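Chain by chain, the residues run as shown.
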Amino acid sequence: NLPYGDQRRLEIARAMCTEPALLCLDEPAAGLNARESAALSELLLSIRTEQGTSILLIEHDMSVVMEISDHVVVMDYGVKIAEGTPQSVRDDPKVIAAYLGADEEEAIAVMESGT
């Protein structure tokens, strides 16, 4: 009977009971609203910093990815198209093209125009 966001946090808490060195999460923000996603990011950051637990995150919610990640790998239809810091990945033309559904040249043009 818990709200969906609370269910997600409970699932993560249950996983943390085993004191893992690596916490693997697949789409933990799926179906969450912006407030719940922000709370999830806060929880994951606290797990990483306070518990020293590494987190492998598979996620489409870029706000969560950019908030908690030190290193990002971007896949597009099973092919790695970018890897690096959140900032470098966010600015990568291939990532922008994949995110916008455009080709790389169009993404570069958008970046250069500032829009």
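Residues numbered from 1 in each chain as written. Predicted model: local features only at pLDDT ≥ 70, side-chain atom pairs only at ≥ 80, totals over all residues. Heavy atoms only, no water.

**Considerations on the overall build of the chain**
Stage number 1. A count of helices and strands for the chain gives six helices and four strands.
Stage number 2. Scanning the chain from its N terminus toward the C terminus, one meets helices and strands in the order α-β-α-β-α-β-β-α-α-α.
Stage number 3. By the burial criterion, 31% of the 115 residues in the chain qualify as buried.
Stage number 4. The long-range share in the chain, meaning contacts at least 24 apart out of those at least 6 apart in sequence, stands at 40%.
Stage number 5. Of the roughly 7,600 Å² of accessible surface on the chain, a fraction of 53% belongs to carbon and sulfur atoms. (Helix = DSSP H or I, 4+ residues; strand = E, 2+ residues; numbered from the N terminus. Buried < 20%, exposed > 50% of the residue type's maximum accessible area, 1.4 Å probe, protein only. Contact = heavy atoms within 4.5 Å. Areas by Shrake-Rupley, 256 points an atom, 1.4 Å probe, with all protein chains shown as cover.)

**Observations regarding the nonpolar core**
Stage number 1. Among the nonpolar cores identified, the biggest contains 19 residues, and Ile 12, Leu 44 and Val 74 are the most heavily contacted of them.
Stage number 2. Within the residue set of this core, elements represented by two or more residues are helix H1 (4-16), strand E1 (22-26), helix H2 (34-51), helix H3 (62-68), strand E3 (72-76) and strand E4 (79-84).
Stage number 3. Residue contacts for Leu 44: discarding those within four places in its chain leaves Ile 12, Leu 25, Ile 55, Val 64 and Ile 68. (Core = buried A, V, L, I, M, F, W, Y, C linked by side-chain atoms within 4.5 Å.)

**Describing the packing of H1 against H2**
Pairs of packed helices are described in terms of their axes, by the angle between the two and the distance that separates them.
Stage number 1. Packing of H1 against H2 brings their axes to within 10 Å, and their N-to-C directions diverge by 15°. Classified by the interaxial angle, the pair formed by H1 and H2 is roughly parallel. In the packing of H1 onto H2, the handedness of the crossing is right-handed. When H1 is examined against H2, the residues Gly 5, Arg 9, Ile 12 and Met 16 are found in contact with a partner set consisting of Glu 36, Leu 40, Leu 43, Leu 44, Ile 47 and Gln 51.
Stage number 2. Classifying every residue of the contact of H1 with H2 gives six nonpolar, two polar and two charged. (Axes fitted to C-alpha atoms, helices over the stretch in contact; angles between N-to-C directions. Parallel < 35°, antiparallel > 145°, perpendicular 65-115°, else oblique. Left-handed = near helix turned anticlockwise from the far one by under 90°. Nonpolar A, V, L, I, M, F, W, Y, C, P; charged D, E, K, R; others polar.)

**Let's talk about the pattern of salt bridges**
Stage number 1. Counted according to the given criterion, the structure contains four salt bridges.
Stage number 2. Among the ionic pairs, Arg 48 bridges to Asp 70, the shortest N-O distance being 3.5 Å. In this pair, Arg 48 sits in helix H2 while Asp 70 sits in the loop between H3 and E3, placing the two residues 22 residues apart along the sequence.
Stage number 3. Judged by its relative accessible area of 57%, Asp 70 falls in the exposed class. (Salt bridge = Lys/Arg side-chain N within 4 Å of Asp/Glu carboxyl O.)

Everything listed here is a matter of geometry and, on its own, says nothing about what the molecule does.
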